[in-house]
Each structure stands twice: as structure tokens, then as C-alpha cells.
Amino acid sequence: MPAIAELVGPTDVESLTAEQIVETVLERLHPRVALACSFQKEESVLLDMLLEREPQTRVFALDTHVLFPETYALWRELEQRYGIRIEVFEGPSLGRQAATHGEALWERNPDLCCSIRKIGPLGAALAGLDGWITGVRRDQAPSRAETPKLGWDERHELWKASPLADWSDEDVWEYVRERDLPVNPLHERGYASIGCTHCTQPGTGRQGRWVASAKSECGLHA
Ligand code: SF4
């Protein structure tokens, strides 16, 4: 496992601001680093920070084919606003999944569904990269409380940056308002966390995700 000093020298990464983490990652890893965009307000912030500093920053999204219409609309809006193309990684079509695993797999086996529609495509997205950037924040859920701002991702064997790790919800909204950034309108309708249509309801933190089961993470980050 590479030591963080290999990337940032003697600097204490936890003392760096989000902007400094973004600059460090771009300086050391671009173009072999990409933002994982799930179209939450955190990614609106990171997209803005990254593209202001490096217009060629790579961005990818995992299309599960069951995202909200508002999410697909924001996807198009962000591409237009910044003049970028977000790379797409996706699982099998819904028809193929149903033929192999039966209908509505998300109801019967959400872990398998996430594995097929998210974890597999994430592996493909990260292949060939030296690092990835996420919008994970520590106060989103207890499972995220120890998220480092920048560190080695042992599971995927590359660097992982979460520049907003120590930001509060209000910090994010303040940045969004200051820069007049487009955000997913579902946030205003009570959805703090936005995933697939079948598994997301309004709620604070990640409480609106997989409300019918004990599941709280899709496995991308925890
Ligand atoms: S969030 Fe739900 S629909 Fe989306 S991949 Fe996971 S189980 Fe499937």
C-alpha cells in the first residue's frame, strides 16, 4: 500500500482545504484521475471546483437505467453548462437483468442488484485510473465518519480523494448559492441523498435510501 507521502510529501492532508485537495489531485494525477458523479449537490460543487482549475478533468457516471428523470435532466444541464461529456458506465439492460435474475431484483436482492448495476460498472470506470474523486462527506452517515480527504483505496487499488469530507450540509449549500450552481431539484423536495428511483425516498442524511431494508450503502464507498 503506497504511503500518502508518496503523493503529497510531508504535508498533513487533513489540514488541506477542499480546494487544495482538488489542486493536489489534479497536479499529481490528471489525466489519470476522474470524478465519480452521482448528481448530488456535492458533485455540483466538485465539478465546478475541478473544471475551473482543469477544464479537461475527467468525469464519469454510473447509469443504472433507473435514475430519476430529474437526475437525467441535471446530467444534460451540467454537460451543457460546462461543455463537457460525462463518461458513462452501465450494467446490463433492465430486460437482460430480468431475464437472468427475474423482475424487480432491487426488491428481492438489492445487494445483487447494486453489484450488477453499480459495483461492476464502477470497476470498469476505475480501470486504468490512478485515482478517483468522490463527493462523500463524513456527516452523511456513520459508515462515512472516517472518510479520509485523500488516501489509498485498498479495495480498488488507486488513490481516492473526498475533498468535501469535512464539509457540512450547510457548507455545500453555501457554495452552491455563492456560485449559483445547478443542483438536483429533488434536494429541495426533501431528498438529502438521491439514488435509483426504486430505492430512494425523501429523508435526511442517507435515511431515504433502501428504507425497506437494513441496507444503507450500495457498496461503492463502504
Ligand atoms: S440502488 Fe436499488 S435499483 Fe439501484 S442498483 Fe441498487 S438495488 Fe438496484
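A brief structural summary. Only a predicted model underlies this, so the values are computations on that prediction, with no experimental measurement involved. (Residues numbered from 1 in each chain as written. Predicted model: local features only at pLDDT ≥ 70, side-chain atom pairs only at ≥ 80, totals over all residues. Heavy atoms only, no water.)

### With respect to the pattern of salt bridges
The tally for this structure, following the rule as stated, stands at 16 salt bridges. Here Arg 179 ties to Asp 48 by a salt bridge, and the two come within 2.9 Å at their closest N and O atoms. Taken as a pair, Arg 179 in helix α8 (residues 169–179) and Asp 48 in helix α3 (residues 41–53) lie far apart in primary sequence, 131 residues in all. Look at Arg 179 and you get partly exposed, because its relative accessible area is 31%. (Salt bridge = Lys/Arg side-chain N within 4 Å of Asp/Glu carboxyl O. Helix = DSSP H or I, 4+ residues; strand = E, 2+ residues; numbered from the N terminus. Buried < 20%, exposed > 50% of the residue type's maximum accessible area, 1.4 Å probe, protein only.)

### Let's talk about the environment of Gln 40
As for its position among the elements, Gln 40 is in the loop between β1 (33–36) and α3. Note on Gln 40: relative accessible area 10%, which makes it buried. As for Gln 40 and Gly 135, which are separated by 95 residues in sequence, their C-alpha atoms are 8.1 Å apart. With sequence-adjacent residues up to four places away left out, Gln 40 is seen in contact with His 187, Ala 192, Ser 193, Ile 194 and Arg 209. (Contact = heavy atoms within 4.5 Å.)

### Some details on the packing of helix α5 (residues 94–101) against helix α7 (residues 110–126)
Angle between the axes and distance between the axes: these two values describe a pair of packed helices. Contact geometry for α5 and α7: axes closest at 12 Å, N-to-C directions at 140°. With respect to each other, α5 and α7 are oriented oblique. Of the two elements, α5 crosses α7, and the hand of that crossing is right-handed. Contact residues: Leu 94, Gln 97 and His 101 in α5; Leu 112, Cys 113, Ile 116 and Arg 117 in α7. Grouping the amino acids of the contact of α5 with α7 by side-chain chemistry returns 4 nonpolar, 2 polar and 1 charged. (Axes fitted to C-alpha atoms, helices over the stretch in contact; angles between N-to-C directions. Parallel < 35°, antiparallel > 145°, perpendicular 65-115°, else oblique. Left-handed = near helix turned anticlockwise from the far one by under 90°. Nonpolar A, V, L, I, M, F, W, Y, C, P; charged D, E, K, R; others polar.)

Bear in mind that shape data such as this cannot, by itself, settle questions of function.
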